Amino acid sequence: KSLTVSLPGRSYDILIERGLLDAAGVITRSVLLHATRIAVVTDSNVGPIYASRVATRMAAAGFQVKVITIPAGETSKSLDMLGELYQEFLSFGLTRTDAVVALGGGVVGDLAGFAAATVLRGVDFIQIPTTLLAQVDSSVGGKVAIDLQAGKNLAGAFWQPKLVIMDPDVLDTLPQAVFMDGMAEVVKYGCIKDGDFFAFLAQRPDRKLLMDEIEHILFTCCDIKRAVVEQDERDTGERMLLNFGHTLGHAYELAGGYERWSHGQAVAAGMCAAAHLGVKLGVTPPDLPERLEGLVSALGLPTAIPCTAEEYAAAVGLDKKGTGNDIRVILLDALGHAIPRRMDKQALLEALV
Ligand code: NAD
Ligand code: ZN
């Protein structure tokens, strides 16, 4: 299956198929006619399993290949690691007509993408996402970034890939918790844009059953994100609907010091809290929270995370997406339809605790 993300002057395809990793060389050659060198950035978990396979295919397609392996984990999305990538690229002899390939989860994609966006004022970039989160979310849409001391994703760019190569088979080696983290984002797409898709997921709340339908799931999620990004590449309107569950999720991540709760767990609880908030405000149908909680808990994700008023306040105040005394929360007026709602921060806190 394939999708085309159509942006002015920068359209690109998302290819979704089991076993596609073995075609990575041929496919890459078809979009990069004149490149000589490919720098493959991967991490210390993904590299040992998949990098030599990708490198072999790229070499067979006539590219000179260098694999660069960074330590797995969010701490690699740093200024230091960015500097190391620049050095590796240049010592490899990368030129402006060459390309960077990100082979890994969202950490590798965001870091390698930002390096590609900025080295030599920007070189071509290809995403080969290997986590469910990276496949349904971070590899599509062109946001790339690193973390700074002051916070996550504070230095970054919009840098669309030339191609996204998605092989669902790579998900087989994902730890269960990482797989289910990605499912939180999958559920999010159903909540905000597609009630039928939500019902489809609710009938298969189990990894094996979901993997039986994984191509359909990836296609549906990427198609939703594609449509949103095409309308609002720079995140000034429609794209904020993708923040459903994330404002409150941010509070939970912060409350747990970013260690206690994973992003997916925090988003899962954030979506449930937003559903209850919506009912309180008369926006969300009263039976919706229970349906959402049913799916979330069947996936082994939390439906609620304890959070004090102070923690909510800190998160709401620090949320870079909020401005002034008002904050924008995303609510559901139906399962499958989201609306943004401006709220006074104080009123929001009172409704939450
Ligand atoms: P991650 O990249 O850290 O991957 C999670 C873990 O899974 C890592 O330990 C990794 O080594 C391992 N892994 C990856 N693929 C594997 C595979 N196929 N088999 C076995 N192990 C594998 O985390 P993530 O959840 O993929 O991404 C999180 C990052 O994505 C965050 O930094 C977040 O800010 C970013 N993000 C970006 C966007 C965007 O639009 N750019 C959107 C959402 C999230
Ligand atoms: Zn998210």
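Just so it is clear, the structure is predicted and the values come from calculations on it, not from any experiment.

Basis of the calculations
Residues numbered from 1 in each chain as written. Chains lettered and ligands numbered in written order. Predicted model: local features only at pLDDT ≥ 70, side-chain atom pairs only at ≥ 80, totals over all residues. Heavy atoms only, no water. Helix = DSSP H or I, 4+ residues; strand = E, 2+ residues; numbered from the N terminus. Rg over C-alpha atoms; globule rule 2.2 N^0.38 Å. Buried < 20%, exposed > 50% of the residue type's maximum accessible area, 1.4 Å probe, protein only. Contact = heavy atoms within 4.5 Å. Areas by Shrake-Rupley, 256 points an atom, 1.4 Å probe, with all protein chains shown as cover. Lys, Arg positive; Asp, Glu negative; His and termini not counted. Charge placed at Lys NZ, Arg CZ, Asp CG, Glu CD. Pairing = 2+ DSSP bridges. Right-handed = clockwise from strand over helix to strand, strands pointing away. Donors = N, O, S within 2.8 Å, 3.2 Å for Na, K, Ca; no water. Domains from an automatic or database assignment. Buried area = accessible area lost by both parts, 1.4 Å probe. Salt bridge = Lys/Arg side-chain N within 4 Å of Asp/Glu carboxyl O. Polar contact = N/O pair within 3.5 Å; in protein donor to acceptor, adjacent residues only side chain to side chain.

Draft legend 1. A look at the overall build of the chain. Across its full length, the chain carries 14 helices and eleven strands. At 20 Å, the chain has a C-alpha radius of gyration in line with the 20 Å of a compact globule built from 353 residues. Across the 353 residues that make up the chain, the buried fraction comes to 55%. When contacts within the chain are restricted to residue pairs at least 6 apart in sequence, those whose partners lie at least 24 apart make up 75%. Carbon and sulfur atoms make up 52% of the accessible area of the chain, which totals about 14300 Å². Of the side-chain charges in the chain, 32 are positive and 42 negative, and the distance between the mean point of each set is 5 Å.

Draft legend 2. A look at the pairing of strand E5 (residues 99-104). Burial analysis of E5 places six of its six residues in the buried class, the great majority of the element. Of the two faces of E5, both are covered, the one formed by Ala99, Val101 and Leu103 as well as the one formed by Val100, Ala102 and Gly104. Where strand E3 (residues 37-43) meets E5, five bridges bridge the pair, whose relative direction is parallel. Within the sheet, the bridge partner assigned to alanine 39 lies in E5 and is valine 100. Note that E5 and strand E6 (residues 124-129) share six bridges and pair parallel. Of the residues in E6, the one forming a bridge with valine 100 is phenylalanine 125. Since E5 and E6 lie parallel, the crossover through helix H4 (residues 106-118) that links them has a hand, and here it is right-handed.

Draft legend 3. Region of the structure containing the coordination of the zinc ion (ligand 2). Every protein donor of the zinc ion (ligand 2) is accounted for by Glu185 (OE), His246 (NE2) and His263 (NE2), and the metal-donor separations fall at 2.0 to 2.1 Å. Along the chain, the residues donating to the zinc ion (ligand 2) are arranged with the sequence spacing E-x60-H-x16-H. Note that glutamate 185 is positioned in helix H6 (residues 176-193) and histidine 246 in helix H10 (residues 246-255), a separation of 61 residues in sequence. Like histidine 246, glutamate 185 is buried.

Draft legend 4. Main features of the domain arrangement of the chain. Looking at the chain, the domain boundaries give domain 1 (2-172) and domain 2 (176-352). Here domain 1 and domain 2 have C-alpha centroids that lie 27 Å from each other. On the domain 2 side, the residues contacting the 29 residues of domain 1 number 28 residues. Roughly 2500 Å² is buried in total at the junction of domain 1 and domain 2, and carbon and sulfur atoms are behind 65% of that figure. Broken down residue by residue, the surface that domain 1 buries against domain 2 is led by Leu132, Val136 and Phe158, which jointly contribute 25%. Linking glutamate 233 and arginine 10 is a salt bridge whose minimum nitrogen-to-oxygen distance equals 2.8 Å. At the boundary of domain 1 and domain 2, one finds eleven residue pairs in polar contact (both at pLDDT 80 or more). Those elements that place two or more of their residues in the side of domain 1 that touches domain 2 are strand E1 (2-5), strand E2 (12-16), helix H5 (132-138) and strand E8 (151-158).

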